[in-house]
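Per-entry structural report
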Amino acid sequence: MPGLFANAQQELAEKMVAALDSFSYLRPQEKAYIQTDRESYMAGETIWFKAYALLNGKSTILSKIIYADLVDESGRVIEKNMLELKEGTGDGSISLKKELRDGNYVLRCYTLWMLNFPDFIPEKKIRIWNTVTGPKKNASPAAIPSYQLQFLPEGGNLVAGLSSHVAFKGIALNGSPLDFTGEILDEQNNQVGSLGKPHYGMGNFTFTPAPGKKYRAAIMLPSGVKNLLDLPVSLPEGIVLTVDNSNPVKTFIKVERSEKNKEAYNELLIVAQKDYRVVYMGKLNIDEGLDAAAISKKNLPPGIMVITVLDKNGRPLAERLVFVANHQTGNQLLEGKLVDIGKRKKNSIQLDAAGYNGLQAAVSVIRADQEEIVDRKGILSSLLLSSDLRGEVFDPGYYFRDKDPARLQELDLVMRTQGWRRYRTEDILANRFDPLHYPFETSLHISGKVLNSNGKTPLQSGKIDLILKGEDSTHIMSEARTDPQGRFVVDKIGFKKLATVYYQGTNINRSEAIVSVSIDSAYFDTLQRAGLMTVVQPKAGMPDPFIQQQLEKKNRADSGKGKLLSEVVVRGRKQSEADSLNTVYATDIFFNSDQTLVLNHNFNYNDIWQYLRMTVPGIAINQTDTGMQVNFSRYEGLDLFSENTTNSSVQFFLNEVAVNISIIDLLDPSDVALVKIFKGATGIALGADRGAIAIYTQKGKTGRDWRQKGFDFFRRAGYTDNREFYQVDYSKIKPETELPDIRKTLYWNPSLQWVNGKASIEFYNDDGGAHYKVIVEGIDKDGKLLQAEKTW
């Protein structure tokens, strides 16, 4: 019989390894982190940030787009950014509107793929001050408990007759740690244990439950309120798992079993995995005295390791999280070369990161006397801790200030009280996975479906033509064929801000056939709300004295930016409709023309050619056997002496994109907003030596009915346009032009440049002359994280 058990253990071990491999292949887990210049802002200021996306501990190679959203306490998306990932990072900014309401907000950062696992979207609390709007008034809260208190036996369950370590965690209604005292009582109200003083609402006690008995915790809050809470009921049989992670080199494991049905818990398998890779596997045989194990942590990457104990049938009996503290802090890497905290004085700081390979890092310098953010998340706590845990960890940065044994013991309490569960062992062993709803995004793309004229059945022999004109001057012309389901994808398109996309579907076999085109919505365009995991409480009351002082200074500075002038009388003519539309539609090279025309929409034109004949002097428009021919009279006859074989010598532009005359022929005059005529030198500037006509369609129109042959159009958002942080240089500013300097971010650089492993920054202080704090965070090519913070 023991031999059969041993074989079963071996088969289970192989099955567990295969299951983890399958899970990591089918459900690769990307992580993200957003680094900001600081965590407290005033309305009207700018949030500067750098976003990181990781896969298997290194910069992701799968997703190429990352999103950053600012969300209010109700889940409404206030501002959103879409950034292109380059080597797993992207940087941007969010301009806070001056009318933004005072309160707490959340900054979310994620790839589209990460939305398949919404419990693990990173969230960062941001405080925004605005004494003009004031905090939002809350409705009267519903009658709900003022706190939550959980009791969590180590490994998962209490077992009658076995001594167990029980962790506890108390959370107040606003998400902050609960302060309380308590004791454990049996059914006769005898004290059998004490909860002790909690750390951030967490603690631990040890006791042995008797068979068939129930226990309660008597809780007392600082307000004097007392409550009795039931402890988890003990199981009549099973195992108890005890883990000691205090040794920096090894993690020690011990398993005890119940006397009842003990043979079912004799041969066990211990599996430890880190980042979905098995790092330890060991067999236990309690009858033979093999009831303990030791896992070496020496060469493991930092982060959370999951220890699972399974029986011979693959049923998980106990689970425990431990933290592998093989990370390092980089505060010693910062060195002040020139330090002067005086008003507007210059400072120079050097960072020595010689131990990092291809480091990508950002640095911020902020005033050190700003409001203290207790719940600060750094790159270490976010990527090594919070990103693998369900729910919110209070003040995660606290556990990464140093590696003091007492602090690591407190971190172990987080491991015992916080939910993990990126997967359930039972599910991956049975190959049961939740469905996926979002793909990896490798580029901006436009997708959709081409249907037959009935608007229902897919067109297999279909084609889509696209013309994209971006506000950033991007011009793209592309086409795509449909698959058997009638779907098409045009990918690898890159543009910033907004773009107008013109499209037309065609039946390849019957070019004149009418087809219907359905364009898929883009996630970024439809994003309006977000489901938050973080508890966000609207913050009432006035800010602390420092913030109040800064708000007053900012108001004075804003009001003093203008100077009072003596009375000035301005005379000028009122702009015509054509001039106004020209300002709205035409860009630099198209702005000046020989004629700028506005259609009279009260007149029903048969086609665009009728309008041009009526309004453009010297234009010749003729229908020929090969199509429409358009020329200006000054160039007529020149083609007799040239090799020009096109129907028209005039170059046409649709919304400033060069197009064939056949596309113009399909235009509905009611869609046209503006027409510009270029006959002489103005046409040559556009590369049209025989003249050009630029036609602009009305912004915001959806285009013609799909049953009419022609181009339709829509608007699509591209990557968020990035701005550069303004670095003040007082060596180049004249004293008479100086304004009050109330900056709170003195320096921000999202892309530090390294020379032989070293980087230097220079910045000037503001008028405060206070101490300042330098914060550097980043990741190198090998996945090694950097977090350094120092105050001068």
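We now turn to the structure provided with this report. Given the structure is predicted, the values throughout are model-derived calculations rather than measurements. (Residues numbered from 1 in each chain as written. Predicted model: local features only at pLDDT ≥ 70, side-chain atom pairs only at ≥ 80, totals over all residues. Heavy atoms only, no water.)

Observations concerning the overall build of the protein
Tallying secondary structure elements over the protein gives eleven helices and 44 strands in all. Burial statistics for the protein: of 792 residues in total, 50% are counted as buried. Long-range contacts, defined as pairs at least 24 residues apart, comprise 70% of the intrachain contacts of the protein with a sequence gap of at least 6. A total of about 38300 Å² of accessible surface is found on the protein, and carbon and sulfur atoms cover 50% of it. (Helix = DSSP H or I, 4+ residues; strand = E, 2+ residues; numbered from the N terminus. Buried < 20%, exposed > 50% of the residue type's maximum accessible area, 1.4 Å probe, protein only. Contact = heavy atoms within 4.5 Å. Areas by Shrake-Rupley, 256 points an atom, 1.4 Å probe, with all protein chains shown as cover.)

Some thoughts on the side chain of Asp465
Checked against the element boundaries, Asp465 lands in strand β28 (residues 462-470). Owing to a relative accessible area of 18%, Asp465 belongs among the buried residues under this scheme. Discounting residues that sit within four places of it in the chain, Asp465 has contacts with Ser478, Glu479, Tyr502, Tyr503, Gln504, Thr506 and Phe711.

Things to note about the packing of aromatic side chains
Here the structure, examined in full by the defined rule, presents 30 aromatic pairs. Consider the rings of Phe23 and Phe433, whose centres lie 5.9 Å apart with planes at 45 degrees: the pair is tilted. Here Phe23, found in helix α1 (residues 2-26), pairs with Phe433, found in the loop between α4 (425-429) and β27 (444-451); they are 410 residues apart in sequence, far enough to count as distant. Accessibility expressed as a relative area gives 5% for Phe23, which makes it buried. Judged by centre distance (5.8 Å) and plane angle (85 degrees), the ring pair of Tyr730 and Tyr764 falls under edge-to-face. Taken together, the residues Tyr730 in the loop between β40 (712-717) and β41 (745-749) and Tyr764 in strand β42 (residues 758-764) connect sequence positions 34 residues apart. One aromatic cluster in this structure is built from Phe151, Phe168, Phe180, Phe205, Phe207 and Tyr215. Between Arg407 and the ring centre of Tyr398, over which it is positioned, the NZ or CZ distance is 4.4 Å. (Phe/Tyr/Trp six-rings, centres within 6.5 Å; stacked < 30°, edge-to-face > 60°. Lys NZ or Arg CZ within 6 Å of the ring centre and 35° of its normal.)

Observations concerning the nonpolar core
Grouped together as the largest cluster of nonpolar side chains are 56 residues, with contacts concentrated most on Ile66, Tyr67, Leu96, Tyr110 and Ile128. Take this core: its biggest share by element is six residues, from strand β5 (residues 65-71). When near neighbours in sequence (up to four residues on either side) are disregarded, Ile66 contacts Ala32, Ala51, Tyr52, Ala53, Asn81, Met82, Leu83, Leu85, Cys109, Tyr110 and Thr111. Core analysis: the second largest hydrophobic core is formed by 31 residues, Val616, Val630, Phe652 and Val657 among them. (Core = buried A, V, L, I, M, F, W, Y, C linked by side-chain atoms within 4.5 Å.)

Some details on the pattern of salt bridges
Under the definition given, this model contains 38 salt bridges. Residue Arg38 is joined to Asp37 by a salt bridge in which the shortest nitrogen-to-oxygen separation is 3.4 Å. Judged by relative accessible area, Arg38 falls into the buried class, the value being 7%. Measuring nitrogen to oxygen at the nearest pair gives 2.4 Å for the salt bridge that ties Lys744 to Glu45. Of this pair, Lys744 sits in the loop between β40 and β41 while Glu45 is found in the loop between β2 (40-42) and β3 (46-55), placing the two residues 699 residues apart along the sequence. Residue class for Lys744 comes out buried when judged on its relative accessible area of 4%. (Salt bridge = Lys/Arg side-chain N within 4 Å of Asp/Glu carboxyl O.)

A short note on the sheet that holds strand β20 (residues 277-285)
In space, the four strands of this open sheet follow the order β20-β19-β22-β23, with antiparallel pairing throughout. Each end of this open sheet is capped by a strand with a single partner; those strands are β20 and β23 (316-324). With direction set aside, neighbouring strand axes in the sheet form an average angle of 15 degrees. With eight bridges connecting them, strand β22 (residues 303-310) and β23 associate as antiparallel partners. If you follow Gly303 over to β23, its bridge partner there is Val324. (Pairing = 2+ DSSP bridges. Axes fitted to C-alpha atoms, helices over the stretch in contact; angles between N-to-C directions.)

Quick word on the environment of Leu290
Mapping Leu290 onto the fold places it in the loop between β20 and β21 (292-296). Expressed as a C-alpha distance, the spacing of Leu290 and Val255, which sit 35 residues apart in the sequence, is 9.2 Å. Leu290 has contacts with Leu284 and Asn285, leaving out every residue within four places of it along the chain.

Here's the deal with helix α9 (residues 608-615)
Looking at α9, one finds that the buried residues are Ile608, Trp609, Tyr611 and Leu612. Along the axis of α9, the buried residues cluster in a sector spanning 160 degrees; they form a single face. N-cap assignment for α9: the residue whose side-chain oxygen lies 3.1 Å from the backbone N of Trp609 is Asp607. (Arc of directions from axis to C-beta. Polar contact = N/O pair within 3.5 Å; in protein donor to acceptor, adjacent residues only side chain to side chain.)

Overview of the sheet that holds strand β26 (residues 360-367)
Strands belonging to one sheet form pairs held by backbone hydrogen bonds; the direction of such a pair is parallel or antiparallel. The four strands are arranged β41-β26-β43-β44 in an open sheet whose pairing can be described as antiparallel. Two strands bound the open sheet, and with one partner strand each, they are β41 and β44 (785-791). Direction aside, neighbouring strands of the sheet carry axes that sit 10 degrees apart on average. Inspection of the sheet shows strand β43 (residues 772-779) paired to β44 by seven bridges, in the antiparallel sense. Paired with Ile779 across the bridge in β44 is Leu785.

Some points on unusual backbone geometry
With the exception of glycine, the majority of residues adopt a negative phi angle, and the majority of peptide bonds are in the trans configuration. Notably, Tyr200 is not glycine yet its phi reads approximately 50 degrees, a positive angle. Checked against the element boundaries, Tyr200 lands in the loop between β13 (191-194) and β14 (202-207). Classification of Tyr200 as partly exposed rests on a relative accessible area of 26%. One non-glycine residue, Glu656, lies in positive phi territory at about 70 degrees. Counting through the fold element by element, Glu656 comes out in the loop between β36 (651-654) and β37 (657-659).

Focus on the pairing of β23
The buried count for β23 comes to seven of nine residues, which makes it a mostly enclosed element. Hairpin remark: β22 followed by β23, antiparallel, with five residues in the connecting loop; positive phi at Gly314, about 80 degrees.

Remarks on helix α7 (residues 577-585)
All buried positions along α7 are accounted for by Ala578, Asn582 and Tyr585. The buried residues of α7 occupy an angular sector of 80 degrees when projected down its axis, which confines them to one face. Tucked into the core, α7 has its buried residues touching α8 (588-591), β33 (595-597), β38 (672-678) and β39 (692-697).

A word on the environment of Glu87
For Glu87, the location among the structural elements is in the loop between β6 (77-84) and β7 (89-95). Sequence-wise, Glu87 and Lys781 are 694 residues apart; in three dimensions their C-alpha atoms are separated by 9.0 Å. Residue contacts for Glu87: discarding those within four places in its chain leaves Ser59 and Gln360.

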